[in-house]
Amino acid sequence: MSRKLLLEHAEIPGITTYEVYRRQGGYRAVEKALKEMTPESVLDEVKISGLRGRGGAGFPTGMKWSFLAKPEGIPRYLLCNADESEPGTFKDRLLMERLPHLLIEGMIASAYALGCRTAYIYIRGEYKWIVKTLERAIAEAYANGWLGERILGTDFSFDLHVTPGAGAYICGEETALIESLEGKRGNPRLKPPFPAVSGLWNSPTLVNNVESLCAVVPIVNEGGEAFSAIGIGRSTGTKLISACGNINKPGVYEIELGLPVEEFIYSDEYCGGIKNGKQLKAVVPGGSSVPILPAHLILKTAAGEDRLMSYESLAEGGFVSGSMLGSGGFIVYDEDQCIVRNTWNFSRFYHHESCGQCSPCREGTGWLEKVLHRLEHGHGRMHDIDLLVDISKKIEGNTICPLGDAAAWPVASAVRHFRDEFEWHVREPQLSQQRNFGLAREAVAV
Amino acid sequence: MEAVSTKEKNQASFSPETMAEIQRLLPRFPEGRQKSALLRILHLVQEENDGWLSTAVMDRVAEILNIQPIEVYEVATFYTMYNLKPVGKYLLEVCHTGPCAIEGAERLLEYLKQKLAIGIGETTTDGLFTLKTVECMGACGYAPMMQVGEFYHEHLTEAKIDRFLEDCRAGKVALGTWKLG
Ligand SMILES: Cc1cc2nc3c(=O)[nH]c(=O)nc-3n(C[C@H](O)[C@H](O)[C@H](O)COP(=O)(O)O)c2cc1C
Ligand code: FES
């Protein structure tokens, strides 16, 4: 059984209420931080823990915190990124639905470390019911003295609010999130200045993912050292993985980083193997934006080592034969799934979600969608396949925010690993309409 | 967006409950930053205005927040949750992104189209249903899914859809509310 740091109490009836949460030891981290620790020592523990951002990029949280500018007389803001819109990702939803007080507790401890007086949880608007769950919990936290003026009789005062988005994947990007929180369109900002220097209302601002902020609770309670003892190498602690696709047990699993991918997919403790006794064809391990890997490369690295659920291992081989842990959105494909169709679907998503500021992304995602559409629908030409690679390259790195990269990588990797399947769609337009290619490398010749 | 006649303009007015809810939201932001409440206010007034945002409604919001109408329009046109045309009483928002597609979302969409005899973005003649596709809703493990009002309907099947539509017709389906209450 994997050790659980965040979801330990998730199943307890009534855990969404203050009383039950408190009875389970809730808000101890706030007591400890405010009464026994200085803001600097909280920051130190987070650094020691090795915690890395759980929103997708995996940037060390402690280091990010130390970049927050602290000019005199200007407020600083802490923002919780609860936009969760990356296809395949549904873990923050569980945390907030089941453990709203854990997030609040983590945010109080974090705000104390950072010297923030006010924080906002920016949550995707579709999670309407969770807005209410969180606001009920926040009201309870105020009523019990964990939020508001002079918390626990200390000099630390802190206000926390929830504010919803309204349907836009791009608002998960932190500067788009800030724009949206200012009541505007979610157009990402040109950086620098980075939000740590000038973010919300031109104030120094820190944006962290829901899960990152929740992880601060066990780090404060048990110390950074204890957190860093879990996991493997620079992938410390536990990570929530939301698993979906053709598996027997889709759902959210808290794993110790370093778990072998094979065990995650096939063990009954996790995904429980491929549905209907089918074979594994491919996996997108970290949300739709990360490269897709065929079965042999997701289970083992190109060097033949076991692939592990960790930042380093999943990235082993770079973009030639590796992928990324990303947001932990783990999408599994069986032998019946069509890679061309899936790639077209994702490119439609990115085209739909491009904010339109940068031409390479606005136009490029549209072209990708169009070319993939014709390949999938039997009108493709052989040179379309290289055209896809060419367009991806021209988007990648040429945009204000990484949505362009996120749109390019899935296409480039699908062509790299499943070129034969794309070619088959061109060669056999009729057949490819009727049935899928099966396991690319093992398909019978048509 | 259609031009608004002066007569229509600013005619929208909101219920006391909605106005109270708006007043509750404004102090969450520092003085002079009340525009930050815009997205939430638009959700509230859309709910009150039968699920869509008319120009008159948006103009009234601009007035309340003391901002230019264009600042409201540019937000309303950016985010997919705002409807700029009237919609049916039950807005069926079906996810068709990758993970839901694997689990048959496209088939279900076809089924809904046939059953309701409408296309995507259209409303049934009785004004009850509008069909809309949406992108990943954070329910990929419980696919296929749709959102109706506040609630997610997951692990959808044709049989579940049949039952759901009947329940809607019988007025047995709650839509929830943005108001905290
Ligand atoms: C297009 C795009 C969408 C993103 N969506 C999310 C999201 O939904 N949730 C999230 O936490 N981070 C998202 N991110 C990453 C954020 O920009 C940011 O890195 C993250 O919130 C930082 O928090 P962390 O360091 O705790 O991970 C997204 C980034 C991009 C470029
Ligand atoms: S793909 Fe439909 S909810 Fe994620």
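Residues numbered from 1 in each chain as written. Chains lettered and ligands numbered in written order. Predicted model: local features only at pLDDT ≥ 70, side-chain atom pairs only at ≥ 80, totals over all residues. Heavy atoms only, no water.

A. Summary view of helix 7 (residues 128–143) of chain A. All names here are of chain A. Compared with an ideal rise of 1.5 Å per residue, which puts 16 residues at 22 Å, helix 7 spans 23 Å between its outermost C-alpha atoms and is within 8% of the ideal. When helix 7 is considered as a whole, its buried residues turn out to be Lys128, Trp129, Ile130, Val131, Lys132, Thr133, Leu134, Glu135, Ala137, Ile138 and Ala141. Positioned one or two residues after helix 7, Gly145 has a phi angle of 80°, which is positive. (Helix = DSSP H or I, 4+ residues; strand = E, 2+ residues; numbered from the N terminus. Expected span 1.5 Å × (residues − 1). Buried < 20%, exposed > 50% of the residue type's maximum accessible area, 1.4 Å probe, protein only.)

B. Looking closely at a nonpolar patch on the surface. Residue and element names in this part refer to chain A. Where nonpolar side chains cluster on the molecular surface, the patch consists of Phe59, Met63 and Phe67 and spans about 290 Å² of accessible area. Relative to the elements of secondary structure, Phe67 occurs in the loop between helix 4 (61–66) and strand 1 (77–82). Its relative accessible area of 48% is what places Phe67 among the partly exposed residues. (Patch = residues over 30% accessible without salt bridge, like charges linked within 9 Å, V, L, I, M, F, W, Y side chains within 5 Å. Areas by Shrake-Rupley, 256 points an atom, 1.4 Å probe, with all protein chains shown as cover. Salt bridge = Lys/Arg side-chain N within 4 Å of Asp/Glu carboxyl O.)

C. Structural view of the domain arrangement of chain B. Splitting chain B by domain gives domain 1 (2–78) and domain 2 (90–169). Computed over C-alpha atoms, the centres of domain 1 of chain B and domain 2 of chain B are 29 Å apart. (Domains from an automatic or database assignment.)

D. Looking closely at the interface of chain A and chain B. The partner chain B presents 44 residues to the 58 residues of chain A that form the contact. Here chain A and chain B share 27 residue pairs in polar contact (both at pLDDT 80 or more) between them. Of all the elements, helix 15 (residues 339–353) of chain A adds the most residues to the side of chain A that touches chain B, at 8 residues. Across the side of chain A that touches chain B, the residue classes tally to 26 nonpolar, 18 polar and 14 charged. (Contact = heavy atoms within 4.5 Å. Polar contact = N/O pair within 3.5 Å; in protein donor to acceptor, adjacent residues only side chain to side chain. Nonpolar A, V, L, I, M, F, W, Y, C, P; charged D, E, K, R; others polar.)

E. Fine view of the packing of aromatic side chains. All names here are of chain A. Enumeration according to the criterion identifies 26 aromatic pairs over all chains in this entry. Between Phe264 and Tyr270, the ring centres sit 5.5 Å apart and the planes meet at 40°, which makes this aromatic pair tilted. Per residue, the accessibility class of Phe264 equals that of Tyr270, and both read buried. Arranged with centres 5.0 Å apart and planes meeting at 85°, the rings of Phe349 and Tyr350 form a pair that is edge-to-face. For Tyr350, a relative accessible area of 1% gives the class buried. (Phe/Tyr/Trp six-rings, centres within 6.5 Å; stacked < 30°, edge-to-face > 60°.)

F. Structural detail: the side chain of A:Ser235. All names here are of chain A. For Ser235, the position within the fold is in strand 6 (residues 235–236). Of note is the side chain of Ser235, whose polar atom sits 3.0 Å from the backbone nitrogen of Tyr311. For Ser235, the contacting residues outside a window of four places in its chain are Arg52, Ile230, Leu257, Ser310, Tyr311 and Glu312.

G. Expanded view of the site of ligand 1. All names here are of chain A. Near ligand 1 lie 17 residues; those nearest to it are Gly55, Asn81, Asn208, Asn209 and Ser212. Take Asn81: an N or O atom from its side chain is 2.9 Å from an oxygen atom of ligand 1. Contact between ligand 1 and Gly172: a nitrogen atom at 3.2 Å from a main-chain N or O atom of the residue. Coverage of ligand 1 by the protein amounts to 89% of the 620 Å² it exposes when considered alone. Among the elements that make up the shell around ligand 1, the one with the highest residue count is strand 4 (residues 205–209) (3 residues). Residues of the shell around ligand 1, tallied by class, amount to 3 nonpolar, 8 polar and 6 charged. (Near = heavy atom within 4 Å.)

H. Geometry of the packing of helix 1 (residues 16–25) of chain B against helix 2 (residues 38–48) of chain B. Residue and element names in this part refer to chain B. Helix 2 packs onto helix 1 with a crossing angle of 175° between their chain directions and a minimal axis gap of 10 Å. With respect to each other, helix 1 and helix 2 are oriented roughly antiparallel. Contact residues: helix 1 offers Thr18, Glu21, Ile22, Arg24 and Leu25, while helix 2 offers Arg40, Ile41, Leu44, Val45 and Glu48. Residue composition of the contact of helix 1 with helix 2, grouped by class: 5 nonpolar, 1 polar and 4 charged. (Axes fitted to C-alpha atoms, helices over the stretch in contact; angles between N-to-C directions. Parallel < 35°, antiparallel > 145°, perpendicular 65-115°, else oblique.)

I. The arrangement of the pairing of strand 1 of chain A in detail. Residues and elements named next belong to chain A. Summarising burial for strand 1: 6 of the 6 residues are buried, a large majority. Neither face of strand 1 is open: one carries Tyr77, Leu79 and Asn81, the other Leu78, Cys80 and Ala82, and all of them are buried. Summarising the sheet, strand 1 and strand 2 (residues 118–123) pair through 6 bridges and their orientation is parallel. The residue bridging Ala82 from the neighbouring strand is Ile123, located in strand 2. Pairing geometry for strand 1 and strand 4, over 5 bridges, is parallel. In the sheet register, Leu79 faces strand 4, and the bridge partner there is Val207. (Pairing = 2+ DSSP bridges.)

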